[in-house]
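These are the residues of each chain, in order.
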Amino acid sequence: EAGVTQFPSHSVIEKGQTVTLRCDPISGHDNLYWYRRVMGKEIKFLLHFVKESKQDESGMPNNRFLAERTGGTYSTLKVQPAELEDSGVYFCASSPSGSLHNEQFFGPGTRLTVL
Amino acid sequence: RKEVEQDPGPFNVPEGATVAFNCTYSNSASQSFFWYRQDCRKEPKLLMSVYSSGNEDGRFTAQLNRASQYISLLIRDSKLSDSATYLCVVNPITNAGKSTFGDGTTLTVKP
């Protein structure tokens, strides 16, 4: 079974540019999560989709971040315009519905550098 | 105060040693608990879920104390391949929802 995949693995952009990250969850997983780790800090939650619906977006830092999951399959996270403090590693995770303990499976992450 | 706090580490131990990591969480309503392992520049990988009764998987034993809001991970007979960062993760509700991570504790096992 294929795991969670993310694209690109690395992105280097200049301040003010736009970047779109993509996540493909494990097939059949209704729950999709975005997390971020900025340097020196712990991994922090950004938002949670159940199928195509945003269940919890309390972790989104500001309105420069837009996440979508049209059709309830893959998800994109767009940062526009990017700022220096957006640099970090963006992880996507997925889990199936009905999982008793909600073990989440993580993708390899996208390392974003904003110059 | 952070929602999930772990031993700051780092831990440097010889092969064969037993090492224990501790974690405390502040949300008493938390329902699910996990230990993840993260290798350098890789994604977190689930090591084990932590159940109220405690659970063991080979050389790894996890314990949960709900009254004290405390989770532990014990690694026996450490191997070089155990070197990694160990993340304590807490979910507020059982069957869905965000995970809250600790900062992680780094373990280095030396020959």
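The structure under discussion appears in the preceding block.
Quick look at the structure, then. (Residues numbered from 1 in each chain as written. Chains lettered and ligands numbered in written order. Predicted model: local features only at pLDDT ≥ 70, side-chain atom pairs only at ≥ 80, totals over all residues. Heavy atoms only, no water.)

## Quick notes on the overall build of chain B
Which entries qualify depends on this criterion: We count a stretch as a helix when DSSP gives it H or I for four or more residues in a row; a strand needs E for two or more, and each element gets its number in order from the N terminus. In this description the radius of gyration comes from C-alpha coordinates, and the expected globular size is given by 2.2 Å times residues to the power 0.38. The contact rule is simple, with two residues in contact once any of their heavy atoms fall within 4.5 Å. In these tables, accessible area is a Shrake-Rupley quantity obtained with a 1.4 Å probe, and a residue counts as shielded only by the protein chains included in the view. The charge count includes Lys and Arg as positive and Asp and Glu as negative, but it does not include His or the ends of the chains. Each charge is placed at NZ for Lys, CZ for Arg, CG for Asp and CD for Glu.
From N to C terminus, chain B includes zero helices and 11 strands. Expected size for 111 residues packed as a compact globule is a radius of gyration near 13 Å; at 13 Å, chain B falls within 12% of this value. Counting only C-alpha atoms, chain B reaches 40 × 30 × 25 Å along its principal axes. Contacts in chain B between residues far apart in sequence, at least 24 positions, make up 56% of those at least 6 positions apart. Here chain B displays about 5200 Å² of accessible surface, and carbon together with sulfur accounts for 48% of that area. Taken together, the 12 basic and 11 acidic charged side chains of chain B have centroids lying 3 Å from each other.

## Concerning the state of the cysteines
Rules: The disulfide criterion used throughout: a pair of cysteine sulfur atoms within 2.5 Å. Only protein chains enter the area calculation, which uses a 1.4 Å probe; residues under 20% of their type maximum are buried, those over 50% are exposed, and those in between are partly exposed.
Following the criterion strictly, the structure yields two disulfides over all chains and no others. Between C23(A) and C92(A) runs a disulfide, and the two sulfur atoms are separated by 1.8 Å. Here the disulfide of C23(A) and C92(A) is left-handed, its torsion about the S-S bond being about -65 degrees. Here C92(A) lies in strand β9 (residues 88-95) and C23(A) lies in strand β3 (residues 19-24), a separation of 69 residues in the sequence. On the basis of relative accessible area, C92(A) is assigned to the buried category, the value being 0%. Each sulfur in the disulfide pair C23(B) and C88(B) lies 2.0 Å from the other. Across the S-S bond linking C23(B) and C88(B), the dihedral sits near -75 degrees, which makes this disulfide left-handed.

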